[in-house]
4 protein chains.
Amino acid sequence: MPAVTKTSRTSSRLRLRRRRERADLRRSEIITAALTVFAKHGFANTRAEDVAEQAGIAKGTLYLYFDSKEAIYEAALEYAMTQLRELVSERLQSATTAAERMRVFVGTRMEFWSAQGELYQMIMTVGREKHQKKRTAKIIRESVDQINLLLREGIERGELRERPVEMVGWAVMDLIRGMNERRVDGAQPTTIAQDAEFITGIALSYFR
Amino acid sequence: MPAVTKTSRTSSRLRLRRRRERADLRRSEIITAALTVFAKHGFANTRAEDVAEQAGIAKGTLYLYFDSKEAIYEAALEYAMTQLRELVSERLQSATTAAERMRVFVGTRMEFWSAQGELYQMIMTVGREKHQKKRTAKIIRESVDQINLLLREGIERGELRERPVEMVGWAVMDLIRGMNERRVDGAQPTTIAQDAEFITGIALSYFR
Amino acid sequence: MPAVTKTSRTSSRLRLRRRRERADLRRSEIITAALTVFAKHGFANTRAEDVAEQAGIAKGTLYLYFDSKEAIYEAALEYAMTQLRELVSERLQSATTAAERMRVFVGTRMEFWSAQGELYQMIMTVGREKHQKKRTAKIIRESVDQINLLLREGIERGELRERPVEMVGWAVMDLIRGMNERRVDGAQPTTIAQDAEFITGIALSYFR
Amino acid sequence: MPAVTKTSRTSSRLRLRRRRERADLRRSEIITAALTVFAKHGFANTRAEDVAEQAGIAKGTLYLYFDSKEAIYEAALEYAMTQLRELVSERLQSATTAAERMRVFVGTRMEFWSAQGELYQMIMTVGREKHQKKRTAKIIRESVDQINLLLREGIERGELRERPVEMVGWAVMDLIRGMNERRVDGAQPTTIAQDAEFITGIALSYFR
DNA sequence: TATGAATGAGTTTTCATTCAT
DNA sequence: AATGAATGAAAACTCATTCAT
């Protein structure tokens, strides 16, 4: 019965794919929910059940998709960072001068976090807890390196004066973080473009 | 029996005062202990018993001096901030120009937190939790105002060019925070003086 | 439409019978699987899903054939005991003297459990839990009665001396159990035949 | 103030001792309670809270005295086995011939378990669970060795005929276990003395 | 009929807080 | 005032059972 067999095979494959898609959907629903509630109350003050409630599912269902509360956090982080990386590298393609590139880099990050403000808060609280510190540090380090690279390219191209780059990289990240936080709290009255301009100005003034 | 009455009154007042002094002593011992252990493991991961142990007293004794674990945190924060305020205002008295004053302001804060690094960590983690956010925000706001005042005085005295001051205040606080964190983590290779110079330079370059 | 009716009746009966056969098959597949996994990890430490997996079906399917995990256990027990009963009575037919019959009885039981070692373990753990105790006790009681009967026949036939029989019946069961357990654990260095001989010898020595 | 110091030291020592005594008392209360309820429903089917309830304390209090539910079980086992060992070795001192010694050994064990029937049940259920098997096996092995020693001494003294001893040791333990179980269940109509006599008779008949 | 995703009651353990001593 | 034993609410996680597909 080759025909029958083939049909059944095909349909079982189809079912499998659909199942996987559903599972992926659920996972991302849970991640989204987690971002919301972790951010609202912090990681430690959020019960696994709160995440489930926010996702509109039962407590137990969480554990069908993740091994632990911690694993949910990690997945959420991973998810957001991948998105951010992609967004930044995409936007940077259309920028050439160091100043432009810096503006794009800073502005994109601010937009992203502004849209995902809660996630940002979550990283800022959870990421400071002992067992997550390394992971968070690595993520930030990566961004600093990107800024430094951007500056060094500017120096090589003669756009910027020869000066040590390292501290400026960190400073830019510090400023982005602060502004993000205030924006999330509704305490930043300026626009993202203004902030990006401000930070870029400050950073590049160092190289004049 | 007036004589007796008087004597007894006096001695009872004396006893009362001594009692209060003893109580204040105990309170500050607990606060010191709390700063140490909260900072080492964060607020949520520290048990009330850990605080008691560090203070060399029994668990139950904590509750004779504070209403709750939370109250201990608040007292610790209050205490540290008062100390910082006093230190900064004392040091500022010997500084006159805006640049000097900024250097002193930044440097003093960095020294203070560097000596109390753990406390700083604590504020950074606990302070971001919802129910503490307002309190933390107020504390930071206060510092920003101080920087802004300092800058405006510089403008009035003609040392700095007329420019909006607000964003720079926040920026300075953001930079101080970042450097503090990295220093606590052992990730800041520069000296406090260098950092203070760097921040001051960046901030004042905005007014040239 | 009698013809049609008849045809349809017949075919529906046929279908019904086939359905029942299929259901019985499934039930016994599940039982077999249950014996394997319950025995390997005990009743409490085995999840319904483990049984399903072993049976190569889905979790939910279990509940089409059994009301509960407990019901599966009971069915498995019933099944095994029926098998054992049949095996023993078959083998006993070729044995005549009390000694022979005892040897066969003991030996057959040991062989059976040895082949189904895991099941034996399961009964020994699960069967001791309160709600299963009565059932297990009844099963053992049945065996004891069989031994006692066997002994009384020996007495009647003059092969054995007149002595009370009851305690020996229990003793034989106790000894079988112990040796079974040790064999399952790999701690019994002797053969089944030797064990059967040992137990028979001890039991019958009581009647000399 | 040596006198004062001394007094205070003494009283603090006293307090310490009393505290330890109280703690020991609590521990044994918990152990007793655990024996009761574990035995009644088995280890897996008993919630930690049931133990606490039986002991007349709160759930959390358990964990002041034991690290885990499992630790309670182990302590209970340890406790009982120590008691049994002591009791048996004490009673054996007054017995000389192999027959007497066997009777004492068997009888003492039966008395002990009969008084602590629930504990016995517990060991029989919990002890068969995978992760406890080794511990239980070791305990039984110890007893078998004792019986074997007892028999070998009898052989050496010429009271018993030279025969292999090992299987009899196990058999005696099997018989004791069975009778114990039935007595706990109220299904053993004979007295302990009668049972001990029966087992001794059977065991020694092997050496005639 | 068969599936397996979803459920939520139930389990162990922790720890802030109380209170008898 | 000081203690620390006791409490019980709360949290993470498991799994027998149900039910939409």
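Residues numbered from 1 in each chain as written. Chains lettered and ligands numbered in written order. Predicted model: local features only at pLDDT ≥ 70, side-chain atom pairs only at ≥ 80, totals over all residues. Heavy atoms only, no water.

Focus on the confidence of the model for chain A
Then step 1. Mean pLDDT for chain A: 86, with 88% of residues reaching 70 or above.
Then step 2. Counting interchain partners and residues more than four positions distant, the pLDDT-below-50 stretch residues 1-9 of chain A has 0 contacts. (pLDDT = per-residue confidence, 0-100. Contact = heavy atoms within 4.5 Å.)

Notes on the interface of chain C and chain D
Then step 1. The interface is formed by 28 residues belonging to chain C together with 28 residues belonging to chain D.
Then step 2. Connecting chain C to chain D are 4 salt bridges.
Then step 3. Between Arg-182 of chain D and Asp-174 of chain C there is a salt bridge whose closest N-O contact spans 2.7 Å.
Then step 4. Inspection of the region where chain C meets chain D yields 5 residue pairs in polar contact (both at pLDDT 80 or more).
Then step 5. When residues of the side of chain C that touches chain D are assigned to their parent elements, the largest contribution, 11 residues, is made by helix α8 (residues 166-184) of chain C.
Then step 6. Residue classes in the side of chain C that touches chain D are distributed as 11 nonpolar, 6 polar and 11 charged. (Salt bridge = Lys/Arg side-chain N within 4 Å of Asp/Glu carboxyl O. Polar contact = N/O pair within 3.5 Å; in protein donor to acceptor, adjacent residues only side chain to side chain. Helix = DSSP H or I, 4+ residues; strand = E, 2+ residues; numbered from the N terminus. Nonpolar A, V, L, I, M, F, W, Y, C, P; charged D, E, K, R; others polar.)

Quick word on the UniProt feature "domain: HTH tetR-type" (unreviewed entry) in chain A
Then step 1. The feature "domain: HTH tetR-type" (unreviewed entry), as annotated in UniProt, sits at residues 24-84 of chain A in this numbering.
Then step 2. Span residues 24-84 of chain A is 80% helix and 0% strand, its end C-alpha atoms 20 Å apart. (UniProt positions renumbered as here; feature names shortened; annotations may be inferred.)

Here we look at the interface of chain B and chain A
How big an interface is tends to be stated in terms of the accessible area lost upon association of its parts.
Then step 1. With 28 residues of chain B at the contact, the number on the chain A side is 28 residues.
Then step 2. Buried surface at the junction of chain B and chain A, both sides included, amounts to about 2,600 Å², of which 61% is carbon and sulfur.
Then step 3. Contact with chain A buries surface across chain B, with Met-167, Arg-182 and Phe-198 of chain B losing the most and accounting together for 22% of the total.
Then step 4. Counting the contacts that link chain B with chain A gives 4 salt bridges.
Then step 5. Our count for the contact surface shared by chain B and chain A stands at 5 residue pairs in polar contact (both at pLDDT 80 or more).
Then step 6. Only α6 (117-126), α7 (130-156), α8 (166-184) and α9 (192-205) of chain B provide two or more residues apiece to the side of chain B that touches chain A.
Then step 7. For the side of chain B that touches chain A, the leading source of residues is α8 of chain B, giving 11 residues. (Buried area = accessible area lost by both parts, 1.4 Å probe.)

Considerations on the relation of the copies chain B and chain A
Then step 1. Taken as rigid bodies, chain B and chain A are interconverted by a rotation of 176° and an axial shift of 0.1 Å, the fit giving an RMSD of 0.9 Å. In the structure described here, the two chain copies are related by an operation that fits a two-fold rotation axis.
Then step 2. A high fraction, 96%, of the interface residues of chain B reappear at the interface in chain A, so the copies pair face to face through one surface. (Least-squares fit on C-alpha atoms with pLDDT ≥ 70 in both.)

Remarks on the protein's contact with DNA strand F
Then step 1. Neighbouring DNA strand F are 35 residues, the closest being Arg-47 of chain A, Thr-61 and Tyr-65 of chain B, Ala-48 of chain C together with Tyr-65 of chain D.
Then step 2. Sugar plus phosphate, as a fraction of atoms of DNA strand F within 4 Å of the protein: 67%.
Then step 3. Here Lys-59 of chain A contributes a side-chain N or O atom positioned 2.9 Å from a base nitrogen of DNA strand F.
Then step 4. Within the side chain of Tyr-63 of chain C, a nitrogen or oxygen atom sits 3.0 Å from a phosphate oxygen of DNA strand F.
Then step 5. Mapped onto the surface near DNA strand F, the elements with two or more residues apiece are α3 (59-65) of chain A, α1 (2-41) and α3 (59-65) of chain B, α3 (59-65) of chain C together with α1 (2-41) and α3 (59-65) of chain D.
Then step 6. Considered class by class, the residues forming the surface near DNA strand F number 12 nonpolar, 10 polar and 13 charged. (Near = heavy atom within 4 Å.)

Section: the packing of aromatic side chains
Between two aromatic rings, the relevant description is the distance of the centres plus the angle of the planes.
Then step 1. Applying the stated criterion across every chain, the model contains 18 aromatic pairs over all chains.
Then step 2. Seen from their ring centres, Phe-198 of chain A and Tyr-206 of chain B are 5.3 Å apart, and the 65° between their planes marks the pair as edge-to-face. A residue pair is termed interchain when its members come from two chains, as with Phe-198 of chain A in helix α9 (residues 192-205) and Tyr-206 of chain B in the segment after α9. In this pair, the class of Phe-198 of chain A matches that of Tyr-206 of chain B, namely buried.
Then step 3. An aromatic cluster of three or more residues is present, and its members are Phe-38, Phe-43 and Tyr-73 of chain A.
Then step 4. The ring centre of Tyr-206 of chain A lies 4.1 Å from the NZ or CZ of Arg-163 of chain A, which sits over that ring. (Phe/Tyr/Trp six-rings, centres within 6.5 Å; stacked < 30°, edge-to-face > 60°. Buried < 20%, exposed > 50% of the residue type's maximum accessible area, 1.4 Å probe, protein only. Lys NZ or Arg CZ within 6 Å of the ring centre and 35° of its normal.)

Digging into helix α2 (residues 48-55) of chain D
In an α-helix, one turn spans 3.6 residues; hence positions three or four apart end up facing the same way.
Then step 1. Looking only at α2 of chain D, the buried set comprises Ala-48, Asp-50, Val-51, Ala-52 and Ala-55 of chain D.
Then step 2. Just beyond α2 of chain D, the residue with positive phi is Gly-56 of chain D, at close to 70°.

Observations regarding the protein's contact with DNA strand E
Then step 1. Contacts to DNA strand E come from 35 residues, most closely from Tyr-65 of chain A, Ala-48 of chain B, Thr-61 and Tyr-65 of chain C together with Arg-47 of chain D.
Then step 2. At 2.7 Å from a phosphate oxygen of DNA strand E is found a side-chain nitrogen or oxygen belonging to Arg-26 of chain A.
Then step 3. Between a phosphate oxygen of DNA strand E and a main-chain N or O atom of Lys-69 of chain B, the distance comes to 3.1 Å.
Then step 4. Of all the elements in the fold, those that place two or more residues in the surface near DNA strand E are α1 (2-41) and α3 of chain A, α3 of chain B, α1 (2-41) and α3 of chain C together with α3 of chain D.

Some words on the UniProt feature "DNA-binding region" (unreviewed entry) in chain A
Then step 1. Following the UniProt record, one finds the feature "DNA-binding region" (unreviewed entry) at residues 47-66 of chain A.
Then step 2. As annotated, residues 47-66 of chain A comprises 75% helix and 0% strand, and the C-alpha atoms at either end are separated by 15 Å.

Let's talk about the side chain of Thr-190 of chain B
Then step 1. Looking at the element boundaries, Thr-190 of chain B is found in the loop between α8 and α9.
Then step 2. Within polar-contact distance, the side chain of Thr-190 of chain B engages the side chain of Asp-195 of chain B at 2.5 Å.
Then step 3. With sequence-adjacent residues up to four places away left out, Thr-190 of chain B is seen in contact with Met-167 of chain A together with Arg-183 and Asp-195 of chain B.

Here we look at the relation of the copies chain C and chain D
Then step 1. Superposing chain C onto chain D takes a rotation of 176° combined with a translation of 0.1 Å along the rotation axis, leaving an RMSD of 0.8 Å.
Then step 2. Comparing interface residues between copies, 96% of those in chain C also sit at the interface in chain D, which points to an isologous, same-surface contact.

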